[in-house]
Amino acid sequence: MPTITRVEIQDIRFPTSLSLDGSDAMNAAPDYSATYVILHTDDDGPEGHGLTFTIGRGNEIVVTAVRSLAPLVEGRSLASITENMGAFWREITGDSQLRWIGPDKGAIHLATAALVNGVWDLWAKCEGKPVWKLLTDMTPEALVRCLDFRFVTDALTPEEAIALLRRQAAGKGAREAEMRREGYPGYTTSAGWLGYDDDKVRRLARESLAEGWTHFKQKIGGNIEEDARRAALLREEIGWNNVLMMDANQVWEVDETVAKMRRLAEFHPLWIEEPTSPDDILGHAEIRQRVSPIGVATGEHCHNKVMFKQFFQAEALDYCQLDAARLGGLNEVILVVLMAAKFGVPVCPHGGGVGLCEYTQHISLFDYIAVSGSLQGRVLEYVDHLHDHFLDPVVIERGRYRVPEAPGYSITMHPESLVRHRYPDGAAWQEEA
Ligand SMILES: C[C@H](O)[C@@H](O)CC(=O)C(=O)O
Ligand SMILES: [Mg+2]
């Protein structure tokens, strides 16, 4: 196995704010961006690639944070990391000086995700497997060794995690074959961005229907009558047999959420996503009690395993929307997937960003094949942006993700895309200036 000799870090941004792709009530004009990391090694084998998603300004802070973390992996052999990934994760999140600016949250944790996911990409490429397959082929004991259970053993112990994984072991082969045949079910957010005008929403909804999508997410959180009007418009296009979800991106108070969802209930949303502060666990629990049967979904801003533990313990969410690059990389994601299975909460990862769909397909496949063994309540978000910048982009057919087969975490970008979108000197930005 190779040794990691150098960490290359790039500030990559896409001017999506020009078309308002990705816009919502809290994030009016995001530029989808990535702190992009390449782990160079000492042999002719593969490089490890990883990224963290941000929405523009602020990316430079995460770039700087990765620079501070890089010495923790430079000079290390991959074998010294993979022989005990749990200990590696504890080390990288536990540096005695850097930890102070987290712990396990904010820019330093986003930076952790880019590096840690880069290591997983490198490991999977060295094994010649896509990440989901690397995970599903591991024994329960080997997988649990990749995890750091610190601060969550009151909710899930390593022994319980092993038992959960053993419970699903017998059916893994059949589920893997089923996924290769059928793909993993998804939903689309592409017609629902808040900054799109009515004509665009209608056109994209029609196109998505024709492509076979059955689940659609709408951004809300502006004027409530405007939200209702747009919901009616979407229902006109998608009908009542398809599923509609709503995402407020954190703009409401608790009582306000209840009042507003009572107004929007006539459109039969499956869930209200991020209604209020992402840190307000008890607020989500109360909303959940008061808006039922509308479900509560959250997680894209839930920054660590302890927060998720408490969301589960407080019965504060119906859908766990973990984010592959806000949690500190795949090790922490796996722990959250295991806790979700124990608490019986379906995992529907967050995909709204550059590269997130590429990552999350691996997570949902792992969840289905090795952990939950269930598709009940599970749909994987899809946003139709920027996939052409990836060497191994997601492939969607009739609203389902096809199984990725290329080795790695599907996150390697084309070198030309990196050059063109490097901020601020890439051609894409020079043309803007
Ligand atoms: C700023 C992002 O586009 C955000 O709106 C994504 C999101 O909330 C989602 O995909 O869900
Ligand atoms: Mg969202």
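Residues numbered from 1 in each chain as written. Chains lettered and ligands numbered in written order. Predicted model: local features only at pLDDT ≥ 70, side-chain atom pairs only at ≥ 80, totals over all residues.

Novice: Teacher, can you tell me more about the overall build of the protein chain here?
Specialist: Looking only at helices and strands, the protein chain features 17 helices and twelve strands. Relative to the compact-globule value of 22 Å for 433 residues, the protein chain shows a C-alpha radius of gyration of 21 Å, a close match. On the principal axes, the C-alpha backbone points of the protein chain span a range of 60 × 55 × 45 Å. Each of the 433 residues in the protein chain was classed as buried or not, and the buried ones make up 54%. For the protein chain, restricting intrachain contacts to residue pairs at least 6 apart in sequence, the fraction spanning at least 24 positions comes to 75%. (Helix = DSSP H or I, 4+ residues; strand = E, 2+ residues; numbered from the N terminus. Rg over C-alpha atoms; globule rule 2.2 N^0.38 Å. Buried ≥ 20, exposed ≤ 12 C-beta atoms within 10 Å, placed from the backbone. Contact = placed C-beta atoms within 7 Å.)

Novice: How should I be thinking about the sheet that holds strand 3 (residues 48-54) in this particular structure?
Specialist: Neighbouring strands of a sheet are bound in pairs by backbone hydrogen bonds; such pairs are parallel or else antiparallel. The three strands are arranged 1-2-3 in an open sheet whose pairing can be described as antiparallel. The sheet is open, and its two edges are formed by strand 1 (4-13) and strand 3, each paired on a single side. Strand-to-strand twist in this sheet, taken as the mean axis angle between neighbours without regard to direction, amounts to 15°. In the sheet, strand 1 pairs with strand 2 (residues 33-41) via nine bridges, with the strands oriented antiparallel. By the bridge assignment for strand 2, Arg13 is matched with Ser33. Taken strand by strand, helix 1 (residues 59-69) contacts strand 1, strand 2 and strand 3, and its axis lies near 175° from that of strand 1. On the sheet, helix 4 (residues 106-127) packs against strand 2 and strand 3 and is oriented at approximately 150° with respect to strand 3. (Pairing = 2+ DSSP bridges. Axes fitted to C-alpha atoms, helices over the stretch in contact; angles between N-to-C directions.)

Novice: Hey, could you run me through the UniProt feature "domain: Mandelate racemase/muconate lactonizing enzyme C-terminal" (unreviewed entry) in the protein chain in this one?
Specialist: In the UniProt entry, the feature "domain: Mandelate racemase/muconate lactonizing enzyme C-terminal" (unreviewed entry) is given for residues 198-294. Each end of residues 198-294 is marked by a C-alpha atom, and these two atoms are 25 Å apart; helix forms 53% of the span and strand 15%. (UniProt positions renumbered as here; feature names shortened; annotations may be inferred.)

Novice: Teacher, can you tell me more about helix 4 here?
Specialist: Counting along an α-helix, one turn takes 3.6 residues, and residues three or four places apart therefore face a common direction. End to end, helix 4 covers 32 Å across 22 residues, agreeing with the expected 32 Å (1.5 Å per residue, within 8%). In terms of residue burial, helix 4 counts as a mostly covered element, since 20 of its 22 residues are buried. Directly after helix 4, the chain includes Gly128, whose backbone phi takes a positive value near 70°. (Expected span 1.5 Å × (residues − 1).)

Novice: Explain the pairing of strand 8 (residues 295-298) here, please?
Specialist: On any regular strand, side chains alternate: one points to one face of the sheet, the next to the other face. Pairing analysis gives three bridges linking strand 7 (residues 269-273) to strand 8, with the strands arranged parallel. Of the residues in strand 8, the one forming a bridge with Trp271 is Gly295. Handedness of the crossover is the feature at issue here: the chain leaves strand 8, passes through helix 13 (residues 305-313), returns alongside strand 9 (residues 319-320), and the resulting connection is right-handed. (Right-handed = clockwise from strand over helix to strand, strands pointing away.)

Novice: Please clarify how the site of ligand 1 should be interpreted in this entry.
Specialist: The immediate surroundings of ligand 1 are formed by 13 residues, with Gly22, Asp24, Asn27, Pro30 and Gly352 found nearest. Grouping the amino acids of the shell around ligand 1 by side-chain chemistry returns two nonpolar, seven polar and four charged. (Near = placed C-beta within 6 Å. Nonpolar A, V, L, I, M, F, W, Y, C, P; charged D, E, K, R; others polar.)

Novice: Could you clarify how one ought to interpret the nonpolar core in this entry?
Specialist: One recurring pattern in soluble globular proteins is that nonpolar side chains are buried together. Grouped together as the largest cluster of nonpolar side chains are 133 residues, with contacts concentrated most on Ala111, Leu115, Cys320, Val336, Val337, Leu338 and Met339. The leading source of residues in this core is helix 4, at 14 residues. Non-local contacts of Leu338, meaning those with residues more than four positions away in its chain, are made with Leu156, Ala161, Leu164 and Val371. (Core = buried A, V, L, I, M, F, W, Y, C linked by C-beta atoms within 7 Å.)

Novice: Explanation requested: the packing of helix 13 against helix 14 (residues 330-343) in the structure shown.
Specialist: Two quantities define a packed helix pair, namely the angle between the helix axes and the distance between the axes. Where helix 13 contacts helix 14, the two axes come as close as 10 Å, and the packing angle between them is 10°. Overall, the two elements helix 13 and helix 14 adopt an arrangement that is roughly parallel. Between helix 13, through Lys305, Phe308, Lys309 and Phe312, and helix 14, the contact on the second element is made entirely by Glu332, Leu335, Val336, Met339, Ala340 and Phe343. In terms of residue class, the contact of helix 13 with helix 14 is made up of seven nonpolar, no polar and three charged. (Parallel < 35°, antiparallel > 145°, perpendicular 65-115°, else oblique.)

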